[in-house]
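Examining the three-dimensional arrangement
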Amino acid sequence: MKTVGMPRGLFYYYYYPWYKTFFNDLGARVILSSPTTRITVDQGINMAVDETCFPIKVYFGHVQELCQYDLDYLFVPRIVSVEARSYICPKFMGVPDMIRASFSDLPPLIDITIDISRSPRDFQEELYKTGRLFTKSRRRIKAAYEHGREELKYCQAIAAQGYTMAEAIDIWEGQEEKGSWNSDLCIGVLGHGYSLYDQTISLDIIGRLRKMGCRVLLPEALPGERVEEEASTMPKRIFWTLGRKMVGSAFIMEKKPEIDGIIYVACFACGPDSFIGEIIERKIENKPYMLLVIDEHTGEGGLNTRLEAFCDMLRRKRRQKIEDNLPAYG
Amino acid sequence: MSYYLGVDIGSVSSNFVLIDEKQQLQEKLYLRTEGNPVRAIKNGYKELLEKRREKLDIKGIGATGSGRHLADIILGADVVKNEITAHAVAASWFYPEVRTIIEIGGQDSKIILLQGGVVSDFAMNTVCAAGTGSFLDQQASRLNMSIYDFGPTALKSKQAVRIAGRCGVFAESDMIHKQQMGYPIEDILMGLCEALVRNYLNNVGKGKKIEAPIIFQGGVAANAGLKKAFEKILQTPIMIPPHYDVMGAIGAAILAREYIEDQGVNTAFKGDSFIIEGQFKSSSFECKGCPNLCEVVCIKREQEILAYWGDRCQKWESSLGHKEVG
């Protein structure tokens, strides 16, 4: 049985169920790196080019972990574009090349180029090409591809119930669903999935908010067409896939009466984040909004202070509203 | 007499206040943390006792600042609150009409906007601490000048020089360049004040609608040069509360009073002998339980372990059955 290594980082959070199903159906075993830890981070920082962003550095740490296994292939796709007229950050385009340049003892890479902007069938064609490494049967490849797509949809449906993509993947893999959280606040949290849903990179912002009594609403819980519709109200079309999704999601969240506030989690060295976070800040006028910038630091104190102050503000505001509405004559 | 104690354990200063049941300030203490918050908390409390020369009847304690959890462990706090809420509560108690609070401390700078006495928006410095108190301290000591003379000297300036405030390192190299060109020291200091104000407004205050009345508090408000620079750039008068340096602690005390009176509970205060007689020690270790290698802090009093924190899985923290550190 052939083995395929897959780093638990970057677009793992958006596509893993599809890839895993695809490889399994073709008779391959998928070896996933373990959840990010301090060691993953340290190794990633050692191996990666300094100018990249934090999530890419962490990705390098996951590659390093996988290098210790005897793998037939390492799956590190070059993701250029996942939808028409839209792109992923240019740093992603260089990921397979940077990995080749930084590691000496790599297993053979599957570094297919996914560029839907080139052709709508690009993803399919590239995965078909990958499939031929494992079988000659085109029919079998096609079936595995279709099955993968169904499984991803199923996993996305789990996420839409209020789970992060990381939790949804765990549940999809058969883990038990987590219990419900008590909450009196509802907060919309935005950010690139590969930073937000990695508990180490984001310092578990979502878990912290839940502990502080917040229900968290994530972009994956919003209908895609509505997100596009809202994002298209911008005077110029945003051609970064994730950036546009965040702007559209923020606009929907602003209109939802049950949402008390919005938090955007940006990465310090992220180019698109540096202006998407800013655009949202300028456009959101009717809801409290907070931009949190994360990087390699482990200082949790500053993060807790900001989250706690944000929740306090929302609760005190609500209390004031109730008091203002009470008739003065009792 | 009965008091509520408020403590604000910051990176540079540790502040203590006593307020009475009518929320009037009875005592205040501003001490330097000097890198040892445990000692600062203990000494602060001791000094407070010596100053009052009476048995303090503490009805409640509120703690804030980045060392608030330490204060909670040593003193036994009823309310442990973040600095934003504490500062806002204190400012709106003294100035019910306040709309904007500028707060600059040792490592943090914040802007807080209020409507009807409640925070409506706030921001804190992100990754960079340029322009906060510790940077001013550092510059004063480089110029071999007491930080207390910084403001009065800057005020003598007639023509401030232009200094880049975007980054502390650039600001310092600009200052050195101007000093070697022969510009008078007061013009350089005033130039630095204006640079820091511009940096604050473009960074922390970015996109925020700054409306009067404006209050300037935190340790850095002692610097008259910065007040003048804010007034020049914002073109509005700025108020500095009489107790600008301990506003966080006052806020914490007020919150403690609110909490104790609303809930009708007794204070969690640990008592004089617990605080003064015991030896408090903190130590840290790297937990090897999993690859996360969390740096766990352990706070001890004599042989008794009071608290652990820093472990992601909370196996140490919860081993004591303590309340959660949030």
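Residues numbered from 1 in each chain as written. Chains lettered and ligands numbered in written order. Predicted model: local features only at pLDDT ≥ 70, side-chain atom pairs only at ≥ 80, totals over all residues. Heavy atoms only, no water.

Describing the overall build of chain A
The following threshold applies: Secondary structure elements follow DSSP: runs of H or I of four or more residues count as helices, runs of E of two or more count as strands, with numbering from the N terminus. We take the radius of gyration over the C-alpha atoms and set the globule estimate at 2.2 Å times the residue count to the 0.38 power. When a residue's accessible area, from a 1.4 Å probe over protein chains only, is under 20% of the maximum for its type it is buried; when over 50% it is exposed; and in between it is partly exposed. The contact criterion used is simple: two residues touch if any of their non-hydrogen atoms lie within 4.5 Å. Here, Shrake-Rupley sampling with a 1.4 Å probe gives the accessible areas, and only protein chains in the shown set may cover a residue. The positive count covers Lys and Arg only, the negative count covers Asp and Glu only, and His and the chain ends enter neither. Note that the charge is assigned to NZ on lysines, CZ on arginines, CG on aspartates and CD on glutamates.
The number of helices and strands found in chain A is 14 helices and ten strands. Taking 330 residues into account, the globule formula puts the C-alpha radius of gyration at 20 Å, and chain A, at 21 Å, falls close to it. Projecting the C-alpha coordinates of chain A onto the three principal axes gives extents of approximately 80 × 40 × 40 Å. In chain A, which comprises 330 residues, the proportion classed as buried is 58%. Across chain A, contacts joining residues at least 24 apart in sequence account for 73% of those joining residues at least 6 apart. Carbon and sulfur atoms make up 50% of the accessible area of chain A, which totals about 14,500 Å². Charge-centre separation for chain A: the mean point of 43 positive side chains lies 4 Å from the mean point of 45 negative side chains.

Some remarks on the domain arrangement of chain A
Residues and elements named next belong to chain A. The criterion, for reference: Residue ranges assigned to the domains are those given by an automatic or database domain assignment. Once two parts are put together, the accessible area they lose, assessed with a 1.4 Å probe and summed over both, is termed the buried area. The salt bridge definition used is simple: a Lys or Arg side-chain nitrogen within 4 Å of an Asp or Glu carboxyl oxygen. Identification of polar contacts relies on pairs of N or O atoms within 3.5 Å, with a donor-acceptor requirement for protein atoms, meaning one able to donate a hydrogen and the other able to accept it, and with residues adjacent in sequence counted only if both atoms are side-chain atoms. Each residue is assigned to one of three groups, with Ala, Val, Leu, Ile, Met, Phe, Trp, Tyr, Cys and Pro labelled nonpolar, Asp, Glu, Lys and Arg labelled charged, and all others, Gly among them, labelled polar.
One can read the domain layout of chain A as domain 1 (3–159) and domain 2 (181–325). The interface of domain 1 with domain 2 comprises 27 residues on the first partner and 23 residues on the second. Where domain 1 abuts domain 2, roughly 2,100 Å² becomes buried across the two surfaces, and 61% of that area is made up of carbon and sulfur atoms. Looking only at domain 1, the three residues that lose the most surface to domain 2 are Tyr-13, Tyr-14 and Phe-54, adding up to 29% of its buried area. The tally of links between domain 1 and domain 2 comes to one salt bridge. For the pair domain 1 and domain 2, the interface holds eleven residue pairs in polar contact (both at pLDDT 80 or more). Looking at the side of domain 1 that touches domain 2, the elements with two or more residues in it are α1 (12–25), α2 (38–47), α3 (54–66) and α4 (90–93). No other element matches the four residues that α3 contributes to the side of domain 1 that touches domain 2. Residues of the side of domain 1 that touches domain 2, tallied by class, amount to 18 nonpolar, four polar and five charged.

Here's the deal with the environment of Glu-220 of chain A
Residue and element names in this part refer to chain A. Along the chain, Glu-220 turns up in the loop between β8 (214–217) and α11 (224–231). The exposure class of Glu-220 is buried, given its relative accessible area of 15%. For Glu-220 and Leu-190, which are 30 residues apart along the polypeptide, the C-alpha to C-alpha distance reads 9.8 Å. For Glu-220, the residues in contact, after removing those within four places along its chain, are Tyr-14, Ala-159, Ala-160, Met-165, Tyr-197 and Lys-245.

What to know about the interface of chain B and chain A
Taken together, the contact between chain B and chain A spans 30 residues of the former and 25 residues of the latter. The contact between chain B and chain A buries some 2,400 Å² in all, and 51% of this surface belongs to carbon and sulfur atoms. At the boundary of chain B and chain A, one finds five salt bridges. Connecting chain B to chain A are eleven residue pairs in polar contact (both at pLDDT 80 or more). Those elements giving two or more residues to the side of chain B that touches chain A turn out to be α3 (83–94), β8 (118–124) and α9 (247–263) of chain B. The dominant element in the side of chain B that touches chain A, judged by the number of residues it contributes, is β8 of chain B, at six residues. For the side of chain B that touches chain A, a count of residues per class yields eleven nonpolar, ten polar and nine charged.

Regarding the pairing of strand β13 (residues 304–309) of chain B
Residues and elements named next belong to chain B. Here is the rule: Should DSSP find at least two bridges between two strands, the strands are taken to pair.
In the sheet, strand β12 (residues 295–301) pairs with β13 via five bridges, with the strands oriented antiparallel. Within β13, the residue paired with Lys-300 across the bridge is Ile-305. Hairpin remark: β12 followed by β13, antiparallel, with two residues in the connecting loop; positive phi at Glu-302, about 55°.

Considerations on the sheet that holds β12 of chain B
Residues and elements named next belong to chain B. Here is the rule: Between N-to-C directions, angles cover 0 to 180 degrees, with each direction set by a line fitted to C-alpha atoms, over the stretch in contact for helices.
Read from one edge to the other, the open sheet built from three strands follows the order β11-β12-β13, with strand pairing classed as antiparallel. Taken across any chain shown, the strands that pair with only one partner, and hence form the sheet edges, are β11 (280–286) and β13. Neighbour to neighbour, the strand axes of the sheet diverge by 25° on average, direction disregarded. By the bridge criterion, seven bridges tie β11 to β12 in an arrangement that is antiparallel.

Here we look at unusual backbone geometry
Residues and elements named next belong to chain B. Cis geometry marks the peptide bond from Ala-212 to Pro-213; its omega dihedral reads -5°. Take Pro-213: it is sitting in the loop between α7 (185–203) and β9 (214–217). The phi dihedral of Arg-53 is positive, around 50°, even though this residue is not glycine.

A word on the nonpolar core
In plain terms, the rule: Residues belong to a common nonpolar core when they are buried Ala, Val, Leu, Ile, Met, Phe, Trp, Tyr or Cys residues joined through side-chain atoms within 4.5 Å.
One finds Phe-11, Phe-23, Phe-123, Ile-187, Leu-209 and Ile-263 of chain A together with Phe-122 of chain B to be the most contacted residues of the largest nonpolar core, which totals 122 residues. Here this core gets nine residues from one element, more than from any other, and that element is α1 of chain A.

Structural notes on the pattern of salt bridges
Residues and elements named next belong to chain B. Here the structure, examined in full by the defined rule, presents 43 salt bridges over all chains. Close ionic contact of Glu-27 with Arg-52 constitutes a salt bridge, the shortest N to O distance being 3.0 Å. Here Arg-52 lies in helix α1 (residues 37–52) and Glu-27 lies in strand β3 (residues 25–32), a separation of 25 residues in the sequence. The same class applies to Glu-27 and to Arg-52, which are both buried. Its salt-bridge partner being Glu-211, residue Arg-99 comes within 3.4 Å of it at the nearest N-O pair.

Details of the environment of Ala-195 of chain B
Residues and elements named next belong to chain B. Position of Ala-195 relative to the elements: it lies in helix α7. Separated by 59 residues in the primary sequence, Ala-195 and Ile-254 have C-alpha atoms spaced 35 Å apart. In this view, Ala-195 contacts Ile-163, Ala-164 and Gly-165; residues no more than four positions away in its chain are not counted.

Re the domain arrangement of chain B
All names here are of chain B. We note that the domain assignment places domain 1 (2–86 + 248–277), domain 2 (96–240) and domain 3 (280–320) within chain B. The distance between the C-alpha centroids of domain 1 and domain 2 comes to 28 Å. Taken together, the contact between domain 1 and domain 2 spans six residues of the former and eleven residues of the latter. The junction of domain 1 with domain 2 conceals about 660 Å² of combined surface from both sides, 65% of it contributed by carbon and sulfur atoms. When the area that domain 1 buries against domain 2 is broken down by residue, the three leading residues are Arg-32, Glu-83 and Ile-84, summing to 66%. Counting across the domain 1 and domain 2 interface gives one salt bridge. Salt-bridge contacts for Arg-32 lead to Asp-137; the nearest nitrogen and oxygen are separated by 2.9 Å. Put simply, domain 1 and domain 2 have one residue pair in polar contact (both at pLDDT 80 or more) between them. For the side of domain 1 that touches domain 2, the secondary structure elements donating two or more residues are β3 and α3.

Focus: the environment of Val-63 of chain A
Residue and element names in this part refer to chain A. By the element assignment, Val-63 lies in helix α3. Separated by 55 residues in sequence, Val-63 and Arg-8 place their C-alpha atoms 8.7 Å apart. Setting aside chain neighbours within four positions, we find Val-63 in contact with Pro-7, Leu-74, Ile-99, Phe-103 and Leu-106.

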